[in-house]
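Each chain, letter by letter, is given below.
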Amino acid sequence: AIQMTQSPSSLSASVGDRVTITCRASQAIRSDLGWYQQKPGKAPKLLIYAASILQSGVPSRFSGSGSGTDFTLTISSLQPEDSATYYCLQDYDNPRTFGQGTKVEIK
Amino acid sequence: EVQLVESGGGLVQPGGSLRLSCAASGFTFRNYWMTWFRQAPGKGLEWVANIKQDGSDTNYVDSVKGRFTISRDNGKNSLYLQMNSLRAEDTAVYYCARDLSPIIRGVPLDAFDIWGQGTMVTVSS
């Protein structure tokens, strides 16, 4: 199975900060990657698919980039409601695999 | 309203069975790949299984192969997960999700845009 290594595992940042989360695949996966946001006790929410396509209704401060093995989720100006855990998910091959998650806290 | 509602979770003894259901409404269920995910308490997300629109193609994570069966009834707008030989490590919240399956540069990709609220499965004696 393709392994997805996500970093950092957690971060703390201030409102308005630029935040970057990275995900590295154990093999090349083209641009077959999505990013999901999960708040405690809630189902995940789709943010980005195909590495860089913003899902409808998601604020434009979220963006994704990368291809091959290295991918990035960027929040350009962190907002209080962005406090959550973020996961990458590869959909290049079965079984689909997630990164271990990045918990984002607001200072 | 577009939604998915899971049911069927509960407490089961190791070695037991449980059948989860996911009721879809507000969209044409038969047009979409569907997927089950799970999340053990305090842990990350795990993809469990998916099924093609007509049920002709299914895939599973290795840890559930031979024990879990994903199926669907398009006439009832429902997705199922039959779980047999349950183990303690199957304890988790189980989510169903719709896959938009967007075609990007000729390649069908995943985009899980609608999720259920989750149903808890606890395997314990």
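It should be noted that the structure appears before, not after, this text.
Residues numbered from 1 in each chain as written. Chains lettered and ligands numbered in written order. Predicted model: local features only at pLDDT ≥ 70, side-chain atom pairs only at ≥ 80, totals over all residues. Heavy atoms only, no water.

Hey, could you run me through the overall build of chain A in this one?
For chain A, the count of helices and strands is zero helices and eleven strands. Going residue by residue from the N terminus, the α and β elements of chain A occur as β-β-β-β-β-β-β-β-β-β-β. The C-alpha radius of gyration of chain A comes to 13 Å, within 12% of the 13 Å expected for a compact globule of 107 residues. Oriented by its inertia axes, the alpha-carbon framework of chain A measures out at about 35 × 25 × 25 Å. In chain A, which comprises 107 residues, the share counted as buried stands at 50%. In chain A, the share of contacts with a sequence separation of at least 24, taken over all contacts with a separation of at least 6, comes to 57%. Carbon together with sulfur atoms contributes 43% to the accessible area of chain A, which is approximately 4,700 Å² in total. Averaging the locations of the 10 positively and 8 negatively charged side chains of chain A gives two centres separated by 4 Å. (Helix = DSSP H or I, 4+ residues; strand = E, 2+ residues; numbered from the N terminus. Rg over C-alpha atoms; globule rule 2.2 N^0.38 Å. Buried < 20%, exposed > 50% of the residue type's maximum accessible area, 1.4 Å probe, protein only. Contact = heavy atoms within 4.5 Å. Areas by Shrake-Rupley, 256 points an atom, 1.4 Å probe, with all protein chains shown as cover. Lys, Arg positive; Asp, Glu negative; His and termini not counted. Charge placed at Lys NZ, Arg CZ, Asp CG, Glu CD.)

Just checking my understanding: could you explain the pattern of salt bridges for this structure?
Oppositely charged side chains are able to pair whenever their charged atoms sit close together. All names here are of chain A. Evaluation of the coordinates by the stated rule reveals eleven salt bridges over all chains. Its salt-bridge partner being arginine 61, residue aspartate 82 comes within 2.7 Å of it at the nearest N-O pair. Within this pair, whereas aspartate 82 is found in the loop between β8 (70-75) and β9 (84-90), its partner arginine 61 is found in the loop between β6 (53-54) and β7 (62-67), the two being separated by 21 residues in sequence. As far as the burial class goes, aspartate 82 and arginine 61 line up, both buried. (Salt bridge = Lys/Arg side-chain N within 4 Å of Asp/Glu carboxyl O.)

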